[in-house]
Amino acid sequence: MSEGRPLRLLGLHGYRQSERRFRQRTGALRKALRGRAELVAVSAPHPVPGGGEDDDGDDPPRGWWFSGPGTFEAGEVAAAPAGLEESLSAVAAALAEHGPFDGLLGFSQGAALAAMVCALRARRDPRFPVAFAILVAGFASRAPAHGHFYREPIALPTLHVVGDADAVIAAPLSRELAQRFVEPVVLTHPGGHFVPAAAPQKKAYLDFLDRFRPGQGQAEPPGAGAV
């Protein structure tokens, strides 16, 4: 890769969002990362049943998996979660078809999915050639069927962005996810359930991403070097 090129991030949106909706809601972030990182989002494979008041028909809200029949609650101990394998395949396909990518940026349910991808990559799953992830308003799935993702500390570099006033994914859930990783970086902001991009967060994003720019010496093969 050429010296000085922007890093490429695959963006994974939240539940009831889509690629287009996520792109619309991350304009400030993309502006903050301009010249340093490019964010390319992908839509989840599962339309959310019932749509919603903001459903325009051509771009239905989507989800990465369901905790109940056509529903999702982050805190639910789902006995029969559905749809995750299709979503992992969709992420693998996006990485292969639109890559190469350097890392992931996930929001809410997309951050939870990105954490699972990190776990698989740390085990050297060849479908997921990423070196790091930024997880905004993330959480660990409560479904017993997903417990294997958190069986051991996840040895992939991560930046966890936690909103103290987040009423959708409470801050303790995001901090709990961070504890599943080896040496996570945690960034706290005073806001709610969104991707923050004010000056303090911009600095934290850039400081973290600079570790993986060509020539910085930390672009190791993903999964290498657990501490």
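First, a word on scope: everything that follows refers to the structure included in this document. (Residues numbered from 1 in each chain as written. Predicted model: local features only at pLDDT ≥ 70, side-chain atom pairs only at ≥ 80, totals over all residues. Heavy atoms only, no water.)

1. Observations regarding the overall build of the protein
Link 1 in the chain: Across its full length, the protein holds six helices and eight strands.
Link 2 in the chain: In sequence order, the secondary structure elements of the protein are arranged as β-α-α-β-β-β-α-β-α-β-β-α-β-α.
Link 3 in the chain: In the protein, which comprises 227 residues, the proportion classed as buried is 52%.
Link 4 in the chain: Sequence-distant contacts, at least 24 apart, represent 78% of the contacts inside the protein between residues at least 6 apart.
Link 5 in the chain: Summed over its atoms, the accessible surface of the protein is roughly 10,000 Å², and 53% of this surface lies on carbon and sulfur atoms. (Helix = DSSP H or I, 4+ residues; strand = E, 2+ residues; numbered from the N terminus. Buried < 20%, exposed > 50% of the residue type's maximum accessible area, 1.4 Å probe, protein only. Contact = heavy atoms within 4.5 Å. Areas by Shrake-Rupley, 256 points an atom, 1.4 Å probe, with all protein chains shown as cover.)

2. Let's talk about the layout of surface pockets
Link 1 in the chain: Its volume calculated, the second largest pocket comes out at about 250 Å³.
Link 2 in the chain: As for the second largest pocket, its lining consists of 17 residues, of which Tyr 15, Arg 16, Ser 108, Val 168 and His 193 are closest to the centre.
Link 3 in the chain: Of the residues contributing to the lining of the second largest pocket, the split by class is eight nonpolar, five polar and four charged. (1 Å grid on protein atoms, 1.4 Å probe; cavity = no way out; pocket = protein on both sides within 12 Å on 5 of 7 lines; lining within 4 Å. Points joined across faces, edges and corners; volume = space filled by probe spheres on them. Nonpolar A, V, L, I, M, F, W, Y, C, P; charged D, E, K, R; others polar.)

3. What to know about the packing of aromatic side chains
Link 1 in the chain: Inspection of every chain in the model, using the stated rule, returns nine aromatic pairs.
Link 2 in the chain: Plain terms: the ring middles of Phe 72 and Phe 139 are 5.9 Å apart, the flat faces sit at 35° to each other, and that makes the pair tilted. A residue pair is termed long-range when its members are at least 10 positions apart, and Phe 72 in the loop between strand 4 (62-63) and helix 3 (84-98) and Phe 139 in the loop between strand 6 (132-136) and strand 7 (158-163) qualify at 67 residues. When sorted by exposure, Phe 72 lands in the same class as Phe 139, which is buried.
Link 3 in the chain: Judged by centre distance (5.8 Å) and plane angle (80°), the rings of Phe 132 and Phe 208 are edge-to-face. Pair noted here: Phe 132 is in strand 6 and Phe 208 is in helix 6 (residues 199-210), with a separation of 76 residues, a long-range link. Here the two residues Phe 132 and Phe 208 agree in accessibility, since each one is buried.
Link 4 in the chain: An aromatic cluster is defined as three or more aromatic residues linked by ring pairs; in this entry it consists of Tyr 15, Trp 65, Phe 66, Phe 72 and Phe 139.
Link 5 in the chain: In this structure, Arg 8 is placed above the aromatic ring of Phe 101, and the distance from its NZ or CZ to the ring centre is 4.4 Å. (Phe/Tyr/Trp six-rings, centres within 6.5 Å; stacked < 30°, edge-to-face > 60°. Lys NZ or Arg CZ within 6 Å of the ring centre and 35° of its normal.)

4. Concerning the packing of helix 3 against helix 4 (residues 109-122)
Link 1 in the chain: Between helix 3 and helix 4, the least distance of the axes is 11 Å, while the angle of their chain directions is 70°. The angle between the axes of helix 3 and helix 4 places the two elements in the roughly perpendicular class. Contacts between helix 3 and helix 4 involve Leu 84, Ser 87, Leu 88 and Val 91 from the former and Leu 113, Met 116, Val 117 and Leu 120 from the latter.
Link 2 in the chain: Of the residues assigned to the contact of helix 3 with helix 4, the class counts are seven nonpolar, one polar and no charged. (Axes fitted to C-alpha atoms, helices over the stretch in contact; angles between N-to-C directions. Parallel < 35°, antiparallel > 145°, perpendicular 65-115°, else oblique.)

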